[in-house]
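Close look at the chain arrangement
In case you want the letters, here they are:
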Amino acid sequence: MPSENPNWFGQGSDSQNSFLQQIIKVSQERAKANADRPKVQRKMLWWKKLLVILILTLAVVGFAFYVLSFTLTDYFWFEQAGYAQVFLKQLLIPAGLFIAGFIVTALVVILSLSVAYAKRPTYSALDDQRIRSVVDSIKKYHKPLFGAVGALAGVVGGMNLAANWTQILLMFNGEEFGYADPQFGLDASFYVFLLPGLQVIVNMLNVLVWFCLICCFLIHLSVGAIRRIGIDPNSTSIRKTRLSIFGQNRRATSRISISTPAKIQMVVFGAIISIATAAGIFLQRYNTLTEVGDRITGAAYTSTHAFIPGNTVLAVLALVVGVSCIVTIFLQKWTIPLFAIGGFMVASILCTAVIPYIVQKFVVEPNAQTLESEYIQRNIEATDYSFGLDKVEIIDYNAKTQASADEVRKDAETTAQIRLLDPQVVSPTFRQIQQNKQYYNFVDTLAVDKYNLNGESRDTVIAAREINLAGNDQRNWVNDHTVFTHGYGLVAAYGNQVTVDGNPKFFEKDIPTVGDLTSEYKYEPRIYFSPNAPNYSIVGNSGSENWEFDYPSDSSGTGAVTTFTGSGGPTINNIFTQMMYTIRFGDTQLLFSERVTPESQALFYRDPSQRVENVAPYLTLDGRVYPAVVDGRVKWIVDAYTTSENFPYSQKIDLQDATQDSLTRTSKTNQALESGAANYVRNSIKATVDAYDGTVDLYAWDENDPILKAWTKIFNNTVKPLSEISGELMSHIRYPESMFKVQRSLLAKYHVNDASQFFSGEDFWHVPDDPTKGTATSVDEYGQEYTSAQKQPPYYLTLEMPGDEKPIFSLSTGFIPGGESRREILTGFLAASSDAGNQAGVIGPDYGKLRLLELPKNSTVPGPGQAQNNFNSNAQVSQALNLLQTGSSDITRGNLLTLPIAGGLVYVQPVYVQSSGNTSFPLMKKVLVSFGDTIGFADTLTEAMDQVFVG
């Protein structure tokens, strides 16, 4: 058998050997190929890694360049605007606080971990092999591990400190209010400036120490400083006996062993946490003065008699826990802190839950009106101070519902000034008559101002003719950004006059502008900055050619051109800035267009409100800006507020809720304030933005406001003193709408100054719903739609209040009874004088005077809703309006104005007629007047008044 089977490795035929050689050769080739293959794969993997690294690098660099483009262009903008320090401080102060927070947090964490590791048990003392292996691993990597943990904690700590940079700065720059809280006797500055900053620091310390405690515990656990060790099961020691799960005692076979260094470190952390907790609890006592309760903001009876004393006790007990921890280090009695902590927890339950509940349930509720009166009175006084309601003059006004023509003639000056033009209704009329070209436009709600014309102050409805790129048929980059760069001129109409056809009677109009403003004030008409200006424009050039469209000059469509000559934006004078703005605006045309010259400027942030917000980020801006001719320029006037939600005992309100009404719901250019709680508001700044070059000027209107003082110390030299306001600017400053809305919202309750009457709530009022509008649809916090009535907005008009010698430009509103059942009877009428005078640097004596006409409780004077209902249900009026509404015409009821005339209150409402065509616009055709139950309805105000008072 063996001889018959050839040896495949050397014996056999030649053919067999040849076949074997081929197999071996193929195998060798395959082996060589397989040997080379991993190298190829590794080579390909290396290229993939390189490609991934390259892509990630490009992405990071691209993102960094993108962020850099916005940062640099913003800096260029702030520098050109003259507010570079605002930009730098907003950037550098948080960055500095981040670095400080990062360093302190990281060092504390690393030091704590290092101490925990350095005080680990000796290697020989570790009888557990698993712990030894862990120790060996940590020994190799403890430095990078501790560094990574410290860096992570540092990032969190730094971000927390940077995010609260305003509280930190205000803590060191606070100013005295001169108003002491009635509970602790501390100035309000403690609550507004110091307390928020202290709480940021205490909370940060607490989080830091807890983090160190947890991390160090894990280190001690890992290195065997805390471990379970076995004990003799036959020991008779009671301390080694434990209760089994079935309730039977059995011998313990192991126990927890903690090394002395670990105990000391844990106890030290416990002591620090206890002290920080004591500080937090102690500060929490002061928060009760700004907490919102069932009726009022501030500490009521239960808080002052249970919660505040209880917190004081808890703060002391927390310190006792801290002291017990320190004492333990020396006495080595490790159970002392456990008993102290147990006592603290029991006291916490008693002081924060049990005792306050008992006091509230069995002491306060049966005697609420008596016991809560003192604290309600505190709330009333603080609210009056913090919202300026302490300056309201309350006038008992026994309004008549019948009057003679002679009594009306005494108020002839007021009736002559009654504003008939509704600034929201007539905006389409302005567009159709004065838009001139489709590439111009007016805002949807016009402004009401006053101008001295021919020696007489006249209420005015005014608007700026803004550029409207959407109306241009030839949209391209050149036209959008270098040709159609600005609007042109103001359009103004008398507030109390219309033409025979029902059109506004303009005293400033057309392109080029003609009228009293042009002839008397000779102002610069070009509007480069406005609420609806384009996102950006490139203006200015180094040559003699002009290409910015100025205004249409003849019927052929050609127009006058101009070149911007002011300093309105950063220059684009090199390839680097071109690249920066190309990235910012996402538009490559900036790199290649010949229209971008060395003299070009980039105009952006063109909305006046946005410009003011940029340079004064600490302000809350009014929802409305309005144009005025001031010192030969069109200036946008912006009211701005300093606010706080930390004023002791003052009532907190949501600013959006307080300033939302029918006008803000239906207008894009007159909006409510942003949602946010506040219990202190001051109209501390009047700002102007030049419509030609965008110059922003901030003027200190309330120079005694402590919050404004604090911010002007932080952003020094950014706010000009009141003395620099020119006389012409002063004549156009108005009492701000949002401030007035906040005050009227509070006065609906806080006209009641007696605590007992306030507690009952029987004399609370409501702001009336707008009778000319229906309900509005809103979305709640859960995304559900709901409908609600729209409040009637306040109105600017010239009126004469009781005791005045002459009519004053004012802002006014009415009140109706509160409660669920809305009785449409007028209970009050509030007016704020809006005439600041015309003397440079001096606020007129009448400005800001708040007067509340309080009607008797048995008053039968109709409220706005009832007056509107009387208009609608009157047979003569209904018949006439039906005739006007026949065919393709619609009726629009204008603003329902309320005026104190002839010892009573008169309602005046213009009625507009508008056809249904695409180019139609409302024309004022009728005027409705109501006094008591008597109604007048005629073509003119004079005729309607005669129907009411002459008969």
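Here we summarise the structure given alongside this text. Remember, it's a predicted structure, so these values are computed and weren't measured experimentally.

1. Some points on the overall build of the protein chain
Scanning the protein chain from terminus to terminus reveals 26 helices and 36 strands. In the protein chain, the proportion of contacts linking residues at least 24 apart, taken out of those at least 6 apart, comes to 69%. Carbon and sulfur atoms provide 55% of the accessible area of the protein chain, an area that totals close to 44400 Å².

2. A closer look at the sheet that holds strand β7 (residues 447-453)
Across the sheet, which stays open at both edges, the five strands sit in the order β7-β8-β11-β12-β13 with antiparallel pairing between neighbours. What marks the edges here is a single partner per strand, and that holds for β7 and β13 (514-515). Bridging between strand β11 (residues 490-498) and strand β12 (residues 504-509) involves three bridges; their strand directions are antiparallel. Across the sheet, the residue bridging to Ala493 is Phe506, located in β12. Its contacts with the sheet put helix α12 (residues 427-434) on β8 (456-464), β11 and β12, and the angle it makes with β12 is roughly 55°.

3. Looking at the packing of aromatic side chains
For the structure shown, the criterion picks out 49 aromatic pairs. With a centroid separation of 5.9 Å and 10° between ring planes, the pair formed by Trp711 and Phe715 is classed as stacked. For the pair Trp711 and Phe715, a shared accessibility class is recorded, and that class is buried. For the pair Phe758 and Phe764, a centre-to-centre distance of 5.1 Å together with 70° between the ring planes defines the contact as edge-to-face. Side by side, Phe758 and Phe764 carry an identical accessibility label, which is buried. Among the aromatic residues, those joined into a ring-pair cluster are Tyr75, Phe76, Trp77, Phe78, Phe87, Tyr536, Tyr581, Phe585, Phe604 and Tyr605. Sitting above the plane of the Phe282 ring, Arg285 keeps its charged end 4.1 Å from the centroid.

4. Some words on a nonpolar patch on the surface
Together, Val346, Ile349, Leu350, Val354, Ile355, Tyr357, Ile358, Phe362 and Val363 make up an exposed nonpolar region whose accessible area comes to about 810 Å². Position of Tyr357 relative to the elements: it lies in helix α8 (residues 336-364).

5. Observations regarding the nonpolar core
Within the largest apolar cluster, 138 residues are counted, with the highest numbers of intra-cluster contacts made by Phe177, Leu517 and Leu698. Among the elements that take part in this core, helix α5 (residues 188-222) stands out by supplying nine residues, more than any other. For Phe177, the contacting residues outside a window of four places in its chain are Asp187, Ala188, Ser189, Val192, Phe193, Tyr385, Phe647, Tyr680, Pro706 and Ile707. Formed by 59 residues, the second largest nonpolar core is a distinct cluster that contains Ala399, Val861, Ala902 and Tyr912.

6. Topic: the side chain of Asp622
Secondary-structure assignment places Asp622 in strand β19 (residues 620-630). Within the structure, the side chain of Asp622 is placed 2.4 Å from the side chain of Tyr641, a separation counted as a polar contact. Dropping the residues within four chain positions of it, Asp622 is found in contact with Asp639, Tyr641, Leu673, Pro736, Glu737, Ser738 and Met739.

7. Some points on helix α9 (residues 368-386)
Look at α9: 26 Å from first C-alpha to last across 19 residues, which is about the 27 Å you get at 1.5 Å a residue. The largest bend in α9 is about 40°, located at Glu374. Within α9 the residues assigned to the buried category are Ala368, Glu372, Ser373, Tyr375, Ile376, Arg378, Asn379, Ile380, Ala382, Thr383, Asp384 and Ser386. At its buried positions, α9 is contacted by α7 (301-331), α8, β23 (680-690), α22 (737-750) and α23 (755-760). Of the residues one or two after α9, Gly388 is the one with positive phi, at around 75°.

8. Overview of the sheet that holds β23
The sheet built from four strands is open, its strands ordered β19-β20-β23-β24 with antiparallel pairing. Looking along the sheet, the strands with just one partner apiece sit at the ends: β19 and β24 (696-700). Strand after strand, the sheet turns through a mean of 25° between neighbouring axes, direction not considered. Here five bridges tie β23 to β24, and the two strands are oriented antiparallel to one another. Paired with Lys686 across the two strands is Tyr699, which belongs to β24. Contacts from helix α17 (residues 608-615) reach β19, β20 (633-644), β23 and β24, with the element oriented near 65° to β24.

9. Let's talk about the pattern of salt bridges
The full count for this structure, using the stated rule, is 23 salt bridges. Linking Asp480 and Arg475 is a salt bridge whose minimum nitrogen-to-oxygen distance equals 2.8 Å. Using a relative accessible area of 45% as the deciding quantity, one classes Arg475 as partly exposed. Taking the shortest distance from any N to any O, the salt bridge between Arg624 and Glu737 comes out at 3.1 Å. In this pair, Arg624 sits in strand β19 while Glu737 sits in helix α22, placing the two residues 113 residues apart along the sequence. Each member of the pair, Arg624 as well as Glu737, is classed as buried. Where salt bridges share partners, they join Arg633, Lys635, Asp690 and Asp693 into one cluster.

10. Section: α12
Every buried residue belonging to α12 is among Ser427, Thr429, Phe430 and Gln434, and all of these are buried. The arc that holds the buried residues of α12, viewed along the axis, is 155°, so those residues lie on one side. The positive-phi residue at the C-terminal boundary of α12 is Asn436, with phi of around 75°.

11. Some words on the pairing of β24
The element β24 is largely enclosed, with a buried count of five among its five residues. Neither face of β24 is exposed, since Val696, Leu698 and Ala700 on one face and Asp697 and Tyr699 on the opposite face are all buried. What sits between β23 and β24 in their antiparallel hairpin is a turn of five residues, with Gly694 showing a positive phi close to 75°.

12. Notes on the packing of α5 against helix α6 (residues 260-287)
Packed helices, taken two at a time, are described by the angle their axes make and the gap between the axes. Viewed as axis vectors pointing N to C, α5 and α6 meet at an angle of 160°, and their least axial separation amounts to 9 Å. As judged from the angle between their axes, α5 and α6 are roughly antiparallel. The way α5 lies across α6 gives a crossing that is left-handed. Broken down by class, the residue content of the contact of α5 with α6 amounts to 21 nonpolar, seven polar and no charged.

13. Thoughts on unusual backbone geometry
Between Ile511 and the following residue, Pro512, the backbone shows a cis peptide bond with an omega angle of -15°. Tracing the backbone shows Pro512 in the loop between β12 and β13. With phi around 45°, Lys522 is a residue other than glycine that occupies positive phi space. Its location among the elements puts Lys522 in the loop between α14 (516-521) and β14 (526-527). Judged by its relative accessible area of 63%, Lys522 is exposed. The phi torsion at Tyr649 lies on the positive side, around 70°, for a residue other than glycine. Looking at the secondary structure, you find Tyr649 in the loop between β20 and β21 (653-654).

14. Re the environment of Val911
Inspection of the secondary structure assignment puts Val911 in strand β34 (residues 904-915). Given a relative accessible area of 0%, Val911 falls into the buried group. Through-space distance from the C-alpha of Val911 to that of Ile891 is 7.1 Å; in sequence the pair is 20 residues apart. If we ignore the near neighbours within four places in the chain, the residues touching Val911 are Leu881, Ile891, Thr892, Leu923, Met924, Lys925, Lys926 and Leu928.

15. A closer look at the environment of Val115
With respect to the secondary-structure elements, Val115 resides in helix α2 (residues 84-118). For the pair Val115 and Ile219, spaced 104 residues apart in the sequence, the C-alpha separation amounts to 10.0 Å.

So, how was this worked out
- Residues numbered from 1 in each chain as written.
- Predicted model: local features only at pLDDT ≥ 70, side-chain atom pairs only at ≥ 80, totals over all residues.
- Heavy atoms only, no water.
- Helix = DSSP H or I, 4+ residues; strand = E, 2+ residues; numbered from the N terminus.
- Contact = heavy atoms within 4.5 Å.
- Areas by Shrake-Rupley, 256 points an atom, 1.4 Å probe, with all protein chains shown as cover.
- Pairing = 2+ DSSP bridges.
- Axes fitted to C-alpha atoms, helices over the stretch in contact; angles between N-to-C directions.
- Phe/Tyr/Trp six-rings, centres within 6.5 Å; stacked < 30°, edge-to-face > 60°.
- Buried < 20%, exposed > 50% of the residue type's maximum accessible area, 1.4 Å probe, protein only.
- Lys NZ or Arg CZ within 6 Å of the ring centre and 35° of its normal.
- Patch = residues over 30% accessible without salt bridge, like charges linked within 9 Å, V, L, I, M, F, W, Y side chains within 5 Å.
- Salt bridge = Lys/Arg side-chain N within 4 Å of Asp/Glu carboxyl O.
- Core = buried A, V, L, I, M, F, W, Y, C linked by side-chain atoms within 4.5 Å.
- Polar contact = N/O pair within 3.5 Å; in protein donor to acceptor, adjacent residues only side chain to side chain.
- Expected span 1.5 Å × (residues − 1).
- Bend = angle between axes of the 7 residues up to and from the residue.
- Arc of directions from axis to C-beta.
- Parallel < 35°, antiparallel > 145°, perpendicular 65-115°, else oblique.
- Left-handed = near helix turned anticlockwise from the far one by under 90°.
- Nonpolar A, V, L, I, M, F, W, Y, C, P; charged D, E, K, R; others polar.

Just geometry here; none of it tells us what the structure is for.
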